[in-house]
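Residue-level structure breakdown
What follows is each chain in one-letter form.
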Amino acid sequence: MKQIDNQKIRIYDECTADEKEVLDSFRKMKLLFDQARYELFSYKLTYLLEKYEGLLEMRHETQALLFTLLQQIDKHGLVGIDVDYEKLGRNRQIEADNIAEEVNIVKEYKTAFDEELALISSGAAEQALIDVENSW
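The structure displayed is predicted, hence computed values, not measured ones.

What counts, and where the lines are drawn
- The residue numbers shown here count from 1 along each chain, following its written sequence.
- Thresholds applied to this predicted model are a pLDDT of at least 70 for local features of residues and 80 or more for the giving and counting of side-chain atom pairs; totals over whole chains, interfaces and linings are not thresholded and use all residues.
- Heavy atoms throughout the structure, all of them, feed into the side-chain values; hydrogens and water do not.
- In DSSP terms, a helix is any run of H or I states spanning at least four residues, a strand is any run of E spanning at least two, and both are numbered starting from the N terminus.
- A helix is expected to span 1.5 Å for every residue after the first.
- Type-normalised accessible area, obtained with a 1.4 Å probe on protein chains alone, sets the label of each residue: buried when under 20%, exposed when over 50%, and partly exposed for intermediate values.
- Whether two residues touch is decided by their heavy atoms; if any such pair falls within 4.5 Å, the residues are in contact.
- Only buried residues count toward a nonpolar core, which is a set of Ala, Val, Leu, Ile, Met, Phe, Trp, Tyr and Cys residues joined through side-chain atoms within 4.5 Å.
- Here a polar contact is taken to be a pair of N or O atoms separated by no more than 3.5 Å, where protein atoms must pair a possible hydrogen donor with a possible acceptor and residues adjacent in sequence count only if both atoms sit in side chains.
- Just to be clear on terms, a salt bridge is a Lys or Arg side-chain nitrogen sitting within 4 Å of an Asp or Glu carboxyl oxygen.

With that settled, consider helix α2 (residues 85-122). With 38 residues, α2 ought to run about 56 Å at 1.5 Å a step, and its terminal C-alpha atoms sit 54 Å apart, in line with that. Within α2, the full set of buried residues consists of Ile-99, Val-103, Val-106, Lys-110, Phe-113, Leu-117 and Ile-120. Of the surrounding elements, those touching the buried residues of α2 are α1 (17-75) and α3 (124-134). Gly-123 occupies a position one or two residues after α2 and carries a positive phi of about 90°.

Further remarks concern the nonpolar core. Leu-31, Tyr-38, Leu-45, Leu-49, Tyr-52, Ile-99, Val-103, Val-106, Phe-113, Leu-117, Ile-120 and Ala-125 form the largest nonpolar core, which has 12 residues in total. Here this core gets 6 residues from one element, more than from any other, and that element is α2. Those residues within four positions of Val-103 in sequence are excluded, and the remaining contacts are Leu-49 and Tyr-52.

Looking now at α1. With 59 residues, α1 should reach 87 Å at 1.5 Å per residue; the first-to-last C-alpha distance of 85 Å fits that figure. The set of residues buried in α1 consists of Arg-27, Leu-31, Asp-34, Tyr-38, Ser-42, Leu-45, Leu-49, Tyr-52, Gln-63, Phe-67 and Leu-70. In this structure, the buried side of α1 is in contact with α2 and α3. Within two residues after α1, Gly-77 carries a phi angle of roughly 65°, on the positive side.

Another point: the side chain of Asp-34. Here Asp-34 lies in helix α1. Overall, Asp-34 belongs to the buried group, its relative accessible area being 6%. A polar side-chain atom of Asp-34 sits 2.7 Å from a polar atom in the side chain of Arg-37.

What the rule picks out here adds up to 9 salt bridges. Two residues, Asp-34 and Arg-37, come together in a salt bridge whose shortest N-O distance is 2.7 Å. Note that Asp-34 and Arg-37 are positioned in helix α1 at a spacing of 3 residues, about one turn of the helix. Asp-114 is the salt-bridge partner of Lys-110, the closest N and O atoms lying 2.7 Å from each other.

Set out below in C-alpha cells:
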C-alpha cells in the first residue's frame, strides 16, 4: 500500500490517463445524480404549480357562486344575516396575496432547478467541475 505523505494534490491536468478516466467517471456519476434529483424536483414543482392553478380556479368559482347566492337571497328578501361584503372582499384579497406568495416561492425553486438542468445539459456544469478540479 502506498504511504500518504505531504505530497501536493495533483490537479486534473496533471493526472495520468487512467486517473483522468476515474475522475471523469465520478464526475459523470455526480452529474447524472444531480440531473435525476433536479428533474424529480422540477416535476414535483410543476405538479404543485398545476395544483395551485386548480386551487385558484376552484376558489374563484366558489366565490362567484357565493356572491351569486347571496345576491339571490337578498333579492328574495330572505336576509337574516348581515353580510359584510367589504370584509369578504378584503378576505379574498388577503387570500389571493397569500396564495400568490406561495406560488412565487414555488416558481423561484422551479426556475433554479430548471437553470441547473440547463447547465448540466449544456456541459457548463461539467466544465465548472473540471475548473474546480484544476484549481486544487
